[in-house]
Amino acid sequence: QLFEQHHLAVFRFIYGLSGWSLSEVEDVTADTFMRAWKARASFDGSEHAALGWLLTIARHQVIDAARRKKVRQRGQITKSEDWDEFLPADHEENPEWIVIRKEQDEILFGLLSLLTTERRELLVLRYILGWQVKRIAAYMDLPENTTSVYLRRAIEQLRHSWPTDDK
């Protein structure tokens, strides 16, 4: 039941943190639920708290997998070619817009790699999982104001780093 309710959120969380291929993200997602299954007796929380518990396990799985892969150069994220399959399809897009969006995705993944893991995690929770600031703050054990400031700073860092025509 927990898998049915939360597997997509856990998958998106892992994908947002890592940027790995879909198959690698699926493997880490499966490992996350296997870990959770083995540790189920130690979890004593509400159904609402279960997702936070799973995301904590997922974060550790991402870190462990990155260490094993030895890909972790300043938390670098590289856009996988599978990224387009993860995004909702827009059948109205013309070929020119598709190329522009792919270029922007490449830029975004490059800039995300410049953020700390914590800031990247905040952005994933807010903009990929759609969590409210209050929920993110509780999950990350931060004051709400601090969480809002960190989110704003991360967005500003991305905005200032985004290449313009004059750069």
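Refer to the structure presented above.
Note that the structure is predicted; figures quoted are calculated from it, not measured.

Definitions and limits used
- Residues numbered from 1 in each chain as written.
- Predicted model: local features only at pLDDT ≥ 70, side-chain atom pairs only at ≥ 80, totals over all residues.
- Heavy atoms only, no water.
- Helix = DSSP H or I, 4+ residues; strand = E, 2+ residues; numbered from the N terminus.
- Buried < 20%, exposed > 50% of the residue type's maximum accessible area, 1.4 Å probe, protein only.
- Contact = heavy atoms within 4.5 Å.
- Areas by Shrake-Rupley, 256 points an atom, 1.4 Å probe, with all protein chains shown as cover.
- Core = buried A, V, L, I, M, F, W, Y, C linked by side-chain atoms within 4.5 Å.
- Phe/Tyr/Trp six-rings, centres within 6.5 Å; stacked < 30°, edge-to-face > 60°.
- Expected span 1.5 Å × (residues − 1).
- Arc of directions from axis to C-beta.
- Axes fitted to C-alpha atoms, helices over the stretch in contact; angles between N-to-C directions.
- Parallel < 35°, antiparallel > 145°, perpendicular 65-115°, else oblique.
- Left-handed = near helix turned anticlockwise from the far one by under 90°.
- Nonpolar A, V, L, I, M, F, W, Y, C, P; charged D, E, K, R; others polar.
- Polar contact = N/O pair within 3.5 Å; in protein donor to acceptor, adjacent residues only side chain to side chain.

Asks: It is not clear to me how the overall build of the chain should be interpreted in this structure. Could you clarify?
Replies: Within the chain, the secondary structure is distributed over 8 helices and 0 strands. When its helices and strands are written in sequence order, the chain yields α-α-α-α-α-α-α-α. Counting all 167 residues of the chain, 40% fall into the buried class. Within the chain, residue pairs in contact and separated by at least 24 positions form 65% of the contacts whose partners lie at least 6 positions apart. If you sum the accessible surface of the chain, you get close to 10400 Å²; carbon and sulfur atoms cover 52% of it.

Asks: When you look at the nonpolar core in this model, what are you seeing that I'm missing?
Replies: Generally speaking, soluble globular proteins have nonpolar side chains that are buried together. Grouped together as the largest cluster of nonpolar side chains are 39 residues, with contacts concentrated most on V10, F13, L55, L125 and W131. Elements represented by at least two residues in this core include exactly α1 (2-18), α2 (22-38), α3 (47-69), α5 (95-112), α6 (117-128), α7 (133-140) and α8 (144-161). The element that contributes the greatest number of residues to this core is α3, accounting for 9 residues. When residues no more than four places from it in sequence are discounted, the contact partners of W131 are L51, L55, L125, R126, I136 and Y139.

Asks: Where do I start with the packing of aromatic side chains in this structure?
Replies: Working definition: an aromatic ring pair is given by the centre-to-centre distance plus the angle between the planes. The tally for this structure, following the rule as stated, stands at 4 aromatic pairs. Look at F3 and F33: their rings are 4.9 Å apart centre to centre, the planes differ by 75 degrees, and that puts the pair in the edge-to-face class. You can see F3 sitting in helix α1 and its partner F33 sitting in helix α2, a full 30 residues away along the chain. We classify F33 as buried; its relative accessible area is 12%. When the centroid spacing of 5.5 Å and the interplanar angle of 90 degrees are considered together, the rings of W131 and Y139 count as edge-to-face. Just as W131 is buried, Y139 falls in that class too.

Asks: What is the right way to read α8 from this model?
Replies: An α-helix turns once per 3.6 residues; consequently, residues spaced three or four apart project the same way. With 18 residues, α8 should reach 26 Å at 1.5 Å per residue; the first-to-last C-alpha distance of 26 Å fits that figure. Listed as buried for α8 are T147, L151, A154 and L158. The buried residues of α8 occupy an angular sector of 65 degrees when the element is viewed end-on, so they sit on one face. Residues of α8 that are exposed and angled more than 90 degrees away from the buried face: N145, R152, R159 and H160. Turning to α8, the residues buried within the fold contact α5, α6 and α7.

Asks: What exactly am I supposed to notice about unusual backbone geometry here?
Replies: What is expected of a backbone is that most residues other than glycine have negative phi and most peptide bonds are trans. Not every positive phi belongs to a glycine, and D141 is a case in point at roughly 60 degrees. Examined against the element boundaries, D141 turns out to sit in the loop between α7 and α8.

Asks: Is there a simple way to think about the packing of α1 against α3 in this case?
Replies: In a packed pair of helices, the relevant descriptors are the angle between the two axes and the axis-to-axis distance. The geometry of α1 relative to α3 is characterised by a closest axis approach of 10 Å and an angle of 40 degrees between their N-to-C directions. Looking at the two axes, α1 sits oblique to α3. Crossing hand, α1 versus α3: right-handed. Note on element contacts: α3 touches α1 through E47, A50, L51, W53, L54, L55, A58, R59 and V62, opposite L2, Q5, H6, A9, V10, F13, I14, L17 and S18. Here the residues of the contact of α1 with α3 sort into 13 nonpolar, 3 polar and 2 charged.

Asks: Hey, could you run me through the environment of S46 in this one?
Replies: Among the structural elements, S46 can be located in the loop between α2 and α3. For S46, a relative accessible area of 41% gives the class partly exposed. A polar side-chain atom of S46 sits 3.1 Å from the main-chain amide nitrogen of A49.

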